[in-house]
Amino acid sequence: MTTPNKARDRLRIAIQKSGRMADVSQDLLARCGLKFRQSRDKLFCFGESMPIDLLLVRDDDIPSLIAQGVCDLGIVGRNVLAEQSLAAVEGTLPVVELCALDNSRCRLSIAVPQDMDYNGPHQLQGLRIATSYPALLGAWLAEHKVEAKIVFLAGSVEIAPKLGTADLICDLVSSGATLVANQLREAVVILESEAVVAGPQTVPPDERGDLRELLLRRIDGVIQVRESKLVMLHAARANVDAIRKMLPNGQMPTLLPIEGSEQVALQAVCYGAITWQHLEDMKRAGASQLLVLPVEKILA
Ligand code: ATP
Ligand code: ZN
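Each chain carries its own residue numbering, running from 1 in the direction its sequence is written. As they are written, the chains are lettered A onward and the ligands numbered 1 onward, keeping that order. With pLDDT at 70 or above as the cut-off, local features in this predicted model cover only qualifying residues; side-chain atom pairs require 80 or more to be listed or tallied, and sums for whole chains, interfaces and linings still use all residues. With hydrogens and water set aside, each side-chain value is computed from the structure's full complement of heavy atoms.

Caption draft 1: Highlighting the overall build of the protein chain. Along the protein chain, the regular secondary structure elements total nine helices and 16 strands. Here the radius of gyration uses the C-alpha set of atoms, whereas the globule reference equals 2.2 Å times the residue count to the power 0.38. Relative to a compact globule of 300 residues, whose C-alpha radius of gyration would be 19 Å, the protein chain shows 25 Å and is clearly more extended. Overall, the C-alpha framework of the protein chain stretches about 80 × 55 × 35 Å when taken along its three principal axes. Here a residue-residue contact requires only that any non-hydrogen atoms of the pair lie within 4.5 Å. Within the protein chain, counting contacts between residues at least 6 apart in sequence, those at least 24 apart form 68% of the total. In summary, the charge assignment counts Lys and Arg as positive and Asp and Glu as negative, without counting His or the chain termini. By convention, the charge on Lys lies at NZ, on Arg at CZ, on Asp at CG and on Glu at CD. Placing the 32 positive and 36 negative side-chain charges of the protein chain at their respective mean positions leaves the two points 4 Å apart. A run of DSSP states H or I qualifies as a helix once it reaches four residues; a run of E qualifies as a strand once it reaches two. Both are numbered from the N-terminal end.

Caption draft 2: A look at the packing of helix α3 (residues 78-86) against helix α4 (residues 134-143). The convention used is that axes are lines fitted to C-alpha atoms, helices contributing only their stretch in contact, and that angles between N-to-C directions extend from 0 to 180 degrees. Where α3 meets α4, the closest approach of the two axes is 7 Å, and the angle between their N-to-C directions is 75°. The orientation of α3 relative to α4 falls into the category roughly perpendicular. Mapping the contact onto sequence places N79, A82, E83 and L86 in α3 and P134, A135, L136 and A139 in α4. Angles below 35 degrees are treated as roughly parallel, those above 145 as roughly antiparallel, those between 65 and 115 as roughly perpendicular, and all remaining angles as oblique.

Caption draft 3: Representation of α4. The classification of residues rests on relative accessible area computed with a 1.4 Å probe and restricted to protein chains. Under 20% of the type maximum is buried, over 50% is exposed, and intermediate values are partly exposed. Every buried residue of α4 is accounted for by L136, L137, W140 and L141. Here the buried residues of α4 occupy an arc of 130° about the axis, which is enough to place them on one side. Projecting away from the buried face of α4 at angles above 90 degrees are the exposed residues A142 and E143. Contacts from the buried residues of α4 go to α3, β7 (106-113), β8 (128-131), β9 (149-152), β10 (168-173) and β11 (184-193). After α4 finishes, the residue K145 shows a positive phi value of roughly 55°. Arc definition: it is the arc formed by the directions from the helix axis to the C-beta atoms.

Caption draft 4: Focus on the coordination of the zinc ion (ligand 2). The rule for donors is simple: an N, O or S atom within 2.8 Å of the metal counts, and for Na, K and Ca the reach is 3.2 Å. Water is not among the atoms, so a site may look short of donors. Around the zinc ion (ligand 2), the protein contributes the donor atoms D59 (OD) and D60 (OD), which lie 2.0 to 2.1 Å from the metal centre. Geometry at the zinc ion (ligand 2) is irregular, judged from the four donor atoms that bind it and their angles of 74 to 176° at the metal. Under the relative-accessibility criterion, D59 is labelled buried at 18%. Judged by relative accessible area, D60 falls into the partly exposed class, the value being 32%. When four donors show all angles between 85 and 135 degrees the site is tetrahedral, when four or six donors have opposite pairs over 155 degrees and all other angles between 65 and 115 it is square planar or octahedral respectively, and in every other case it is irregular.

Caption draft 5: Region of interest: the pattern of salt bridges. By salt bridge we mean one thing: a side-chain nitrogen of Lys or Arg within 4 Å of a carboxyl oxygen of Asp or Glu. Inspection of the entire model under this criterion finds 16 salt bridges. Here D27 makes a salt bridge to R31, at a shortest N to O gap of 3.0 Å. Note that D27 and R31 are positioned in helix α1 (residues 22-31) at a spacing of four residues, about one turn of the helix. According to the relative accessible area criterion, R31 is exposed, its value standing at 56%. Linking D72 and R208 is a salt bridge whose minimum nitrogen-to-oxygen distance equals 2.6 Å. One end of the pair, D72, is in the loop between α2 (62-67) and β5 (73-77); the other, R208, is in helix α7 (residues 207-226), and 136 residues separate them in sequence. Under the relative-accessibility criterion, D72 is labelled buried at 5%. In the salt-bridge network here, residues are joined through shared partners; they are R78, E97, D102, R105 and E194.

Caption draft 6: Up close: the site of ligand 1. Nearness is defined per residue: one heavy atom within 4 Å of the molecule or strand is enough. Taken together, 16 residues lie near ligand 1, and R20, R58, D60, N79 and S174 sit nearest. Here Q16 contributes a side-chain N or O atom positioned 2.8 Å from an oxygen atom of ligand 1. What qualifies as a polar contact is a pair of N or O atoms within 3.5 Å, subject to a donor-acceptor requirement within protein and to the restriction that residues adjacent in sequence count only when both atoms come from side chains. A distance of 2.9 Å separates an oxygen atom of ligand 1 from a polar atom in the side chain of D59. For the area figures, the Shrake-Rupley method with a 1.4 Å probe applies, and any residue is considered shielded solely by the protein chains shown. Protein contact buries 76% of the 630 Å² of open area that ligand 1 shows by itself.

Caption draft 7: Looking closely at the nonpolar core. What we call a nonpolar core is a set of buried Ala, Val, Leu, Ile, Met, Phe, Trp, Tyr and Cys residues that are connected through their side-chain atoms within 4.5 Å. Residues I110, L124 and W140 are the most contacted members of the largest nonpolar core, which totals 34 residues. At the level of elements, β4 (52-57), α2, α3, β7, α4, β10, β11 and β12 (195-200) are the ones that each hand at least two residues to this core. Where a domain begins and ends is set by an automatic assignment or by a domain database. Two domains each put at least three residues into this core: domain 1 (11-102 + 194-225) and domain 2 (106-193). Excluding anything up to four places from it in sequence, I110 contacts L124, L137, W140, L168, I169, C170, R185, E186, A187, V188 and I190. Of all hydrophobic cores here, the second largest spans 25 residues; its members include C45, L56, L215 and V222.

Caption draft 8: Structural detail: the environment of L153. With respect to the helices and strands, L153 occurs in the loop between β9 and α5 (160-163). Its relative accessible area of 25% is what places L153 among the partly exposed residues. In this structure, the C-alpha to C-alpha distance between L153 and S109, residues 44 residues apart in sequence, is 15 Å. In contact with L153, not counting residues within four places along its chain, are A130, T131, S132 and A160.

The following block contains the structure:
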């Protein structure tokens, strides 16, 4: 690997090496058209299709790699980014969320023993809360003017109440099964999290800045495509307005004349599900030849 702070003309993006976010992050970059040569140490992967290289690291290292200028972008949970932004080291670049990816969703929540009633933050006064997120929890407690003892644990936070090292916990929850297995109950959500693209607030003033913008635009396209459909149909011009209103949000439809017919062909990219009900409603409103197609790429 080259020295981090030396001027680089290739963009570097960090993702989780293995874990919950590893596969979705690799998949997203592949959909953006990035291909990488696997290196033997599997930490640094050279980008073959574009001057964009990949670093495979622990998710916790991603915000600081960006803050130190070693990487230009990263894919990381909002929980990790927010925690480390609150605890950021002075003199490093501020790292911000550039785009939310709608995967790896979870919540950072305070969970209490199942037999404890929770009526509000004041009830936590003087208690011991185990967490791996001391900065986020500390900020939440300060905001609610509660003084509680934060017990920092790097992992296995959920067993702290059973072991008697804390009264309750503040940890990541998705299905809630881990809480139930440990006789805990989610009491209050302090952060809604999902995977995000993180990067320095300021765009590098060289080719890397252009590459960063290009990649972010491709990522936007991939996100839009996930939920997009191309709807095509025929209708009399007089019915087009009514039919258009039945389509989920999307771009302005294109209308094309059909040779030898009074009717027009309508095509529209729609963001959101198109159900059988949608199609039946449009048919009743005068549409025919209805076709719904998946969209493969969008570049707006
Ligand atoms: P690493 O070895 O990279 O440090 P890790 O053990 O910290 O891995 P994972 O368990 O793979 O991390 O979780 C990565 C991210 O996935 C979390 O930071 C969070 O944003 C998200 N996530 C989604 N659901 C959950 C969940 N139920 N528990 C923990 N994290 C979750
Ligand atoms: Zn981690």
